[in-house]
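# Examination of the molecular architecture
If you want the building blocks of each chain, they are given just below.
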Amino acid sequence: MIVAFSIMLPFIAAALIPFIYRRFKNIHLGWFVLVVPAVLFTLLASYIPRIANGETFVKTYEWIPTFGINITTYLDGLSMIFSLLITGVGSLVILYSIFYLSTKESLHHFYCYLLLFMGAMLGVVLSDNLMVLYVFWELTSVSSFLLIAFWHHRKASRAGARKAMIITVSGGVAMLAGFLMLYVASGTFSIREIIANLEVVQASALFVPAMLLVLLGAFTKSAQFPFHIWLPDAMEAPTPVSAYLHSATMVKAGIYLVARTTPIFGGHEVWFWTVSGVGILTLFWGSFNAVKQFDLKALLAYSTISQLGLIMSLFGLGSAALHLGYASDTVIYTQATFAALFHLINHSTFKGALFMMVGIVDHEVGTRDIRRLGGLMALMPFTFTIAVIGSFSMAGLPPFNGFLSKEMFFAATVNIMQLNIFSLDNFGLIFPVVAWIASIFTFVYCAIIVMRTFFGKIQPDRLEKPPHEAPIGMLISPYILITFVVGIFIFPNVLGHYILQPAMASIYPMFPSSEELTPHIAAWHGYINTELWMTFGVIVFGILLYRTLKKWRPMYQIFPQKYTFNAIYERIIGSGESYSSRITNRYMNGHLSYYFIYIYVFFIAVLAGYALYADVLSWDPSKDSAIEPYELILVFVMVFAAGAILFAKQRITVVLLNGVLGYSVAFFFVVFRAPDLALTQLVVESITTALFLLAFKYLPKIQPEKVSNSIKITKAMISIAVGATVTLIGLAVMNYDKFEPISAYFEDAYNLAGGKNIVNTILGDFRAFDTMLEVVVLFIAGLGVYTLIKLKAKKGDTDVESK
């Protein structure tokens, strides 16, 4: 019950935001919102001892049981880590935002979007059903779009939000296809049940395609190469959003998906090389490109890409243990997964603090441009402390938590070379070499953050504000995070026992003991091992590269800008918009008659073409009922009215003749003993006729259409063809007997649905979802009309494209 409450509370709070905002305008809205993640973090943290003892908490609420889609919440060691990050870091981000965002901002929108995102992320990590997970997954994309575009008056914010939306949603659709393939292979949407039936799933021909599609969703969400291009542009969001979405939560959703599905796909060669290969490439590419950035936030964006690649590669390396199976000499390879989980937490602490630090610099100095900064250490000593601890931890230096997980990362890349599976005896050297080179670049950009921002000579004439230290309220959250950075280094095994060990049991449920999967974490092992030598090399070469940065930095200009992934994306989007605009302008010419021609020609081509191809156009008049004289009279009246409309000179004549057609149809319903349809037709026809009569006098007079005879003949032929198609298909349906009619099923409506009126039961029960969606569409349309009526433009409101 508490787990489901954890998902629903942010959504309930988001719905209450408008009322709270109107009632308490003199109090910063963030103080009310802060209660939500703080309460959830406390509730979830109370489960830590029980989770550490191996308990799991499962609760199912029926939703669409016919299709196996139920809301099943599942709290285990893995989901606990992510839930604590979502709520814990969320609390600190909201506290930080109270002092960062002015009350002049649209705070009710901001916090509403933030709570929606928080609830969606909790839904992702706490859902056992793949379809429910997908719903929350896409909701994170929508809410993150709104958060990134919060400053929507900026063109760059809108563009960044759109890019993130396009890439992540496209990956999400691919992931949905993968989930459906898993359902076909296993017969269930439950992740736990799929893991329990691994042999059946892995034997399916859909196993590898499902794996690749699921990974596509994970890679796009976690900004893996080459889908990483959306993350730097998303930095246009306010700093609290970047600190939350792009360091601790949204970008970790893909990591979570890989971790959660490792028991299903792990151990397969395709999974191993795809996850570890893409991860290690992303690690290098992100760290390499971070060095050339001049904007502190852009630098942190590429560093996030790099760190996400590190975590992803570790999950790939750790999956090799599933191929080997449980044994005393194979447990060492699970340490890569342990390192991934460990660095996942560490990254959230130091990167969240660094994003907040950059926000403080921007807020108090007025710029994030490294070329304009320098010498801030004396003026902003508390901010400088955050930068040093966060950067040194990210660089993997002691005494900070990043050093411990980075050492384990190096150890995992070295250990993997010992395996003779998956061609690692030939290509295994790639991992430690690339990891070491990428770590050198990581050291360089961490040095840039600290040295170029806080050391050197201050340039007051190039700053937009006189530099000064941030208010204490803005420093609380990053200081809590850097306290964890240091605290985890001092007491790492507390985290290992209570948090990481249960998560390892979730990823390796087929292995007997999670204690054996949890190594003892230590900063010093009593001797200098390979990974420590690698760290010494990183420091030496990192200092050398930083000192000679001006000499080799021009190498970034060698690669043509037009061949970058961003440029390719812009060309694809730009050319797509250009071609679509050209095509649209070609057929959307403003003439209604042409639109009807397009529709009817397509109608004829598809329906008549298929009917002729399938040879279903057959009619046996001997099976038809006798045609009564009054039916012929009604047909004659309708034909006369339809033909007369074509030659009418006045609109009132057209309206009346159209009414004759409608009322004739109602008479046919009466003849065919369908009084409910007849009544509906009479009501609709009366209303539309009355509306036409009320409005027609305001319309201009009918002008004779000046068109050539060839066009008139073409239109006449299309009209005749449409009528013939409908008539022939209608006649063919009457005698089509290859399938049993479905009417017999609905005749038992009373027993099936409890309704005596078959039409009502069809609308309200048998096709209830269709009816519900129609009502929702009408409701949304009504909201849109109401909004347009109530919306009043303010003086001076313009779309500032230049900003």
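This write-up is about the structure you can find in this document. (Residues numbered from 1 in each chain as written. Predicted model: local features only at pLDDT ≥ 70, side-chain atom pairs only at ≥ 80, totals over all residues. Heavy atoms only, no water.)

What follows concerns the overall build of the chain. Counting its secondary structure elements, the chain contains 36 helices and 2 strands. Judged by the C-alpha coordinates and their principal axes, the chain covers about 105 × 65 × 55 Å. A total of 803 residues make up the chain; the buried ones form 48% of that total. In the chain, of all internal contacts separated by at least 6 residues, the share reaching a separation of at least 24 is 80%. A gap of 16 Å separates the mean positions of the 51 positive and 44 negative side-chain charges of the chain. (Helix = DSSP H or I, 4+ residues; strand = E, 2+ residues; numbered from the N terminus. Buried < 20%, exposed > 50% of the residue type's maximum accessible area, 1.4 Å probe, protein only. Contact = heavy atoms within 4.5 Å. Lys, Arg positive; Asp, Glu negative; His and termini not counted. Charge placed at Lys NZ, Arg CZ, Asp CG, Glu CD.)

With that settled, consider the environment of Met-734. As for its placement among the helices and strands, Met-734 is situated in helix 32 (residues 709–734). Distance from Met-734 to Trp-619, taken between C-alpha atoms, is 8.0 Å for residues 115 residues apart in sequence.

Turning our eyes to something else, we now look at the pattern of salt bridges. A full pass over the atoms with the stated rule returns 10 salt bridges. Asp-128 is the salt-bridge partner of Arg-192, the closest N and O atoms lying 3.5 Å from each other. With Arg-192 in helix 9 (residues 191–196) and Asp-128 in the loop between helix 6 (107–126) and helix 7 (130–148), this residue pair connects regions lying 64 residues apart in the sequence. Of the residues examined, Arg-192 reaches a relative accessible area of 32% and is grouped as partly exposed. By relative accessible area, Asp-128 is classed as buried at 2%. If you follow the salt bridges from partner to partner, you end up with Lys-163, Asp-233 and Glu-570 in one network. (Salt bridge = Lys/Arg side-chain N within 4 Å of Asp/Glu carboxyl O.)

So, about a nonpolar patch on the surface. A contiguous nonpolar surface patch, about 1100 Å² in accessible area, is contributed by Tyr-579, Ile-583, Tyr-587, Met-588, Leu-592, Tyr-594, Phe-596, Tyr-598, Ile-599, Tyr-600 and Ile-711. For the nonpolar patch, the secondary structure elements donating two or more residues are helix 27 (565–587) and helix 28 (592–614). No other element matches the 6 residues that helix 28 contributes to the nonpolar patch. Within the element layout of this structure, Leu-592 appears in helix 28. Among the residues examined, Leu-592 registers a relative accessible area of 56% and is labelled exposed. (Patch = residues over 30% accessible without salt bridge, like charges linked within 9 Å, V, L, I, M, F, W, Y side chains within 5 Å. Areas by Shrake-Rupley, 256 points an atom, 1.4 Å probe, with all protein chains shown as cover.)

Before going further, it helps to examine the packing of helix 19 (residues 381–395) against helix 23 (residues 472–490). Helix 23 packs onto helix 19 with a crossing angle of 35 degrees between their chain directions and a minimal axis gap of 10 Å. Where helix 19 crosses over helix 23, the two elements pack in a sense that is left-handed. Of helix 23, the residues touching helix 19 (which contributes Phe-382, Thr-383, Thr-385, Ile-386, Ile-389 and Ser-393) are Leu-475, Pro-478, Tyr-479, Ile-482, Val-485 and Val-486. Taken together, the residues of the contact of helix 19 with helix 23 break down into 9 nonpolar, 3 polar and no charged. (Axes fitted to C-alpha atoms, helices over the stretch in contact; angles between N-to-C directions. Left-handed = near helix turned anticlockwise from the far one by under 90°. Nonpolar A, V, L, I, M, F, W, Y, C, P; charged D, E, K, R; others polar.)

In this structure, Ile-81, Tyr-111 and Phe-179 are the most contacted members of the largest nonpolar core, which totals 214 residues. Ranked by residue count, the leading element in this core is helix 18 (residues 335–365), at 18 residues. Each residue touching Phe-179, except ones within four places of it in the same chain, is listed here: Leu-130, Met-131, Leu-133, Tyr-134, Phe-189, Val-214 and Leu-257. (Core = buried A, V, L, I, M, F, W, Y, C linked by side-chain atoms within 4.5 Å.)

Quick look at the side chain of Thr-725 now. Among the secondary structure elements, Thr-725 is positioned in helix 32. Under the relative-accessibility criterion, Thr-725 is labelled buried at 7%. Leave out the neighbours within four places in its chain, and Thr-725 touches Phe-603, Ile-604, Leu-607 and Ala-608.

Let us now look at unusual backbone geometry. Each neighbour pair has its own omega, and for Phe-225 with Pro-226 the value is 5 degrees, a cis peptide bond. Within the secondary structure, Pro-226 is located in the loop between helix 11 (207–221) and helix 12 (230–233). A cis amide bond links Pro-398 to the next residue, Pro-399, at an omega of 5 degrees. Counting through the fold element by element, Pro-399 comes out in the loop between helix 19 and helix 20 (401–415). Residues other than glycine seldom take positive phi values, yet Phe-422 does so here, at roughly 55 degrees. A positive phi is found at Ser-423, a non-glycine position, where the angle reads about 60 degrees.

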